[in-house]
Amino acid sequence: MKPLSRRRLITTGIAATAGVTGLTAAAHIAERYGLIPPDHTGLYGPGETLTYASQRLLTKHSLAREFPRHMISKSPFANETIPPGSAPKPHQTTGFSDWRLEVNGMVAHPASLSLADLKALPFRSQITEVACEEGWSYIAEWIGTPLIEVLNAVGVLPQARYVVYFSIQNDWWDSIDMADALHPQTLLTWGMNDGDLPVSFGGPLRMRVPRQLGYKSVKFITRLAVTDSLKPFGKGLGSAAPEGGYAWYAGI
Amino acid sequence: MAHLSNPEGSRHSAVVRITHWLTVIAFLALLVSGAEIVISHPRFYWGEIGNVNTAPLFTIPIPSSRATVPTGYRYVMPDQNGWSRYLHFQAAWAAVLTGIAYMLYIWWSGHLRKDLLPPPRDRRWRAYRDVFARSLHHAPPQEGDARSYNVVQRTAYLSVIFVLFPLVIWTGLALSPAFNSAVPIAVNALGGRQSARTLHFFVSGALLLFLIVHLAMVIQAGFKKRTMAMITGRDGEAHESMEHPKSLEPQEGL
């Protein structure tokens, strides 16, 4: 080893200071522009932050791929089957006429919407792919009310940063940032392939977030909460996914 | 000690050594976590879509970590996808950033031109044939074998650096629905999401094959010495080799 000369000491010191200052500045900028995911703590925080930040910069307004009608899958895969008697089954007998979507949090006019109320808002149909983190996928036509229509109707307060969405299944809830919440393809979906959304695919109401993996598209939605912080929800990691060991951001 | 050219005059420069071991760590993490992710759906498809209701291109005959996948086994493996996915993408970032640093270095330092690109006289099939022929006949090593990569080694390294790594990154990125929304051609050019996934699997397999051959060659050339050279940069017996050409090592590890 060479003895540490004064010059070397000074250059090393300057480099270290510049490095620390640079990192601090980067952290401030990232925080300010909402580039830090809620599950940024822990062993895999750096990778998650790099992925989320770079994709947020790259994909703020980009649209998920939409497909021609002939590419709709003839045999889509519903994934998990719902245990009989649980979840939305009891509501099914009444044709979901008692299904409500509560919207509260940082909104000017908290609301409780029926499916008919939702369908009265402007709706959109899109043919997009559901891609599961396991590797499989299918394409379907999804018909629903863009989340942005609901948010506009209730009046989102300017400090809002996330929309948290809850399912009739207590252990399944998730959240998205405003870039995804205001995205035109983020749908509160109630129709699939020209019919009602089947219960096995999340009916009567499923959040479709086509720019992220399937697990962000939570089934059986009953409540939306608009918030400026994810800390008060669950363990504060943004959704049930990180509590189960999975990433909050699933755009990969 | 005229060696693989680098400013320090050692066998492997500090940048090459550091990036080599960072890549080793990242690649092993990607390999293990990637295999874990495959276990959750050991079926592969071609085209845009594929699921248990569609015909697979091929399946890997192992149990799955999902009960919804028909594997023929009654056994369902434990779900390891959470940490596997976190680790896979963190390691991918490490590999990509290391790769960028390495690419810039080999271009800037001349390592690429001097040590990796085959010299003009070797850019012919005959040069490849000669290397294999010498190896098959256990011919005594030639002057310079221990100091420089032969044309087969160079081609293997260049293929990994400029073909397989870029391909594995591309096919991986093509699995990201968000990235695809910004750059749809990334997945469309590969023939769809499931084609991208299948290609990602095969390119990873090719990288694994390289790793196995690389390790075999390193072992053949002297595992301890070659590994120490990649750690310390010094070649323990280089001086001796120069003085006694007969003791030149047979082949440098691929």
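Residues numbered from 1 in each chain as written. Chains lettered and ligands numbered in written order. Predicted model: local features only at pLDDT ≥ 70, side-chain atom pairs only at ≥ 80, totals over all residues.

Along the backbone of chain B there are nine helices and two strands. For chain B, the α and β elements follow one another from N to C terminus as α-β-β-α-α-α-α-α-α-α-α. The burial tally for chain B puts 31% of its 254 residues in the buried class. Considering only residue pairs separated by 6 or more positions, chain B has 67% of its internal contacts joining residues 24 or more positions apart. (Helix = DSSP H or I, 4+ residues; strand = E, 2+ residues; numbered from the N terminus. Buried ≥ 20, exposed ≤ 12 C-beta atoms within 10 Å, placed from the backbone. Contact = placed C-beta atoms within 7 Å.)

A tally of helices and strands in chain A yields seven helices and ten strands. Dimensions of chain A, computed from the C-alpha atoms along their principal axes, are close to 80 × 40 × 35 Å. Across the 252 residues that make up chain A, the buried fraction comes to 45%. Expressed as a percentage of contacts within chain A between residues at least 6 apart in sequence, the contacts between residues at least 24 apart total 67%.

A few words now on the nonpolar core. One finds V163, V164, Y165, L188, L205 and I221 of chain A to be the most contacted residues of the largest nonpolar core, which totals 82 residues. For this core, the leading source of residues is helix 2 (residues 81–109) of chain B, giving seven residues. When sequence neighbours within four positions are dropped, the list of residues in contact with L188 of chain A reads L118, G144, T145, L147, V150, L205, M207 and I221 of chain A. (Core = buried A, V, L, I, M, F, W, Y, C linked by C-beta atoms within 7 Å.)

Residues and elements named next belong to chain A. Buried residues dominate strand 4 (residues 137–146), accounting for nine of its ten residues. Note: strand 3 (residues 124–131) against strand 4, eight bridges, orientation antiparallel. Counterpart to I127 in the pairing with strand 4 is E141. Where strand 4 and strand 7 (residues 187–192) come together, five bridges link them in antiparallel fashion. Its bridge partner being in strand 7, G144 is matched across the sheet by T189. (Pairing = 2+ DSSP bridges.)

At the junction of the two partners, chain A supplies 37 residues and chain B supplies 32 residues. Contributions of two or more residues to the side of chain A that touches chain B are made by helix 2 (45–59), strand 3 and strand 4 of chain A. It is helix 2 of chain A that contributes the most residues to the side of chain A that touches chain B, eight residues altogether. Broken down by class, the residue content of the side of chain A that touches chain B amounts to 17 nonpolar, 14 polar and six charged. (Nonpolar A, V, L, I, M, F, W, Y, C, P; charged D, E, K, R; others polar.)

To continue, consider the environment of V96 of chain B. By secondary structure assignment, the location of V96 of chain B is in helix 2. Residues V96 of chain B and T23 of chain B lie 73 residues apart in sequence; the distance between their C-alpha atoms is 9.0 Å.

All names here are of chain B. When the terminal C-alpha atoms of helix 8 (residues 193–232) are compared, their 43 Å separation across 40 residues is substantially less than the 58 Å that a helix rising 1.5 Å per residue should span. Listing the buried residues of helix 8 in full gives R193, Q194, S195, A196, R197, T198, L199, H200, V203, S204, R226 and A229. Of the residues one or two after helix 8, G233 is the one with positive phi, at around 90°. (Expected span 1.5 Å × (residues − 1).)

Tracing the chain through its elements places G42 of chain A in the loop between helix 1 (6–32) and helix 2. For the pair G42 of chain A and R100 of chain A, spaced 58 residues apart in sequence, the C-alpha separation works out to 37 Å.

For the rest of this paragraph, the subject is unusual backbone geometry. Residues and elements named next belong to chain A. Cis peptide bonds are those with omega within 30 degrees of zero, and the linkage from G203 to P204 qualifies with 10°. Its place among the elements puts P204 in the loop between strand 8 (195–196) and strand 9 (206–208). Of note, N193 is a non-glycine position whose phi angle comes to about 50°, a positive value. Overall, the presence of 19 C-beta atoms within 10 Å leaves N193 in the partly exposed class. Phi is positive for D194, close to 70°, though the residue is something other than glycine. Relative to the assigned elements, D194 resides in the loop between strand 7 and strand 8.

All names here are of chain B. Overall, the predicted model of chain B reaches an average pLDDT of 89, with 88% of residues at or above 70. This stretch, residues 238–252, has a pLDDT under 50; its non-local contacts, to residues over four places away or in other chains, come to 27 contacts. Model confidence for the complex is summarised by a pTM of 0.89, with the ipTM given as 0.90. (pLDDT = per-residue confidence, 0-100.)

With that settled, the discussion passes to the sheet that holds strand 10 (residues 221–227) of chain A. Two modes of strand pairing occur in sheets, parallel and antiparallel, and in both the strands are linked by backbone hydrogen bonds. All names here are of chain A. Taken in spatial order, the five strands of this open sheet run 2-1-10-5-6, and their pairing is mixed. Single-partner strands in this sheet number two, and they are strand 2 (111–114) and strand 6 (173–177). The sheet shows a mean angle of 20° between the axes of neighbouring strands, direction not considered. As paired elements, strand 5 (residues 162–167) and strand 10 share six bridges and run antiparallel to each other. Within strand 10, the residue paired with Y165 across the bridge is L224. (Axes fitted to C-alpha atoms, helices over the stretch in contact; angles between N-to-C directions.)

Residues and elements named next belong to chain B. The contact between helix 1 (residues 14–39) and helix 8 brings their axes to 13 Å, and the two run at 140°. On the basis of the axis angle, helix 1 is oblique to helix 8. Here helix 1 runs over helix 8; the crossing is left-handed. Judged by residue contacts, R17, H20, L31 and G34 of helix 1 engage S204, L208, M230 and I231 from helix 8. Among the residues forming the contact of helix 1 with helix 8, the class breakdown is four nonpolar, three polar and one charged. (Parallel < 35°, antiparallel > 145°, perpendicular 65-115°, else oblique. Left-handed = near helix turned anticlockwise from the far one by under 90°.)

In this section: helix 5 (residues 151–173) of chain B. Residue and element names in this part refer to chain B. With 23 residues, helix 5 extends 32 Å from end C-alpha to end C-alpha; this agrees with the ideal 33 Å at 1.5 Å per step. Considering bend angle alone, the principal kink of helix 5 is centred on V160 and spans about 40°. Buried within helix 5 are the following residues: Q153, F165, V168, T171 and G172. Elements that come into contact with the buried residues of helix 5 comprise helix 2 and helix 8. (Bend = angle between axes of the 7 residues up to and from the residue.)

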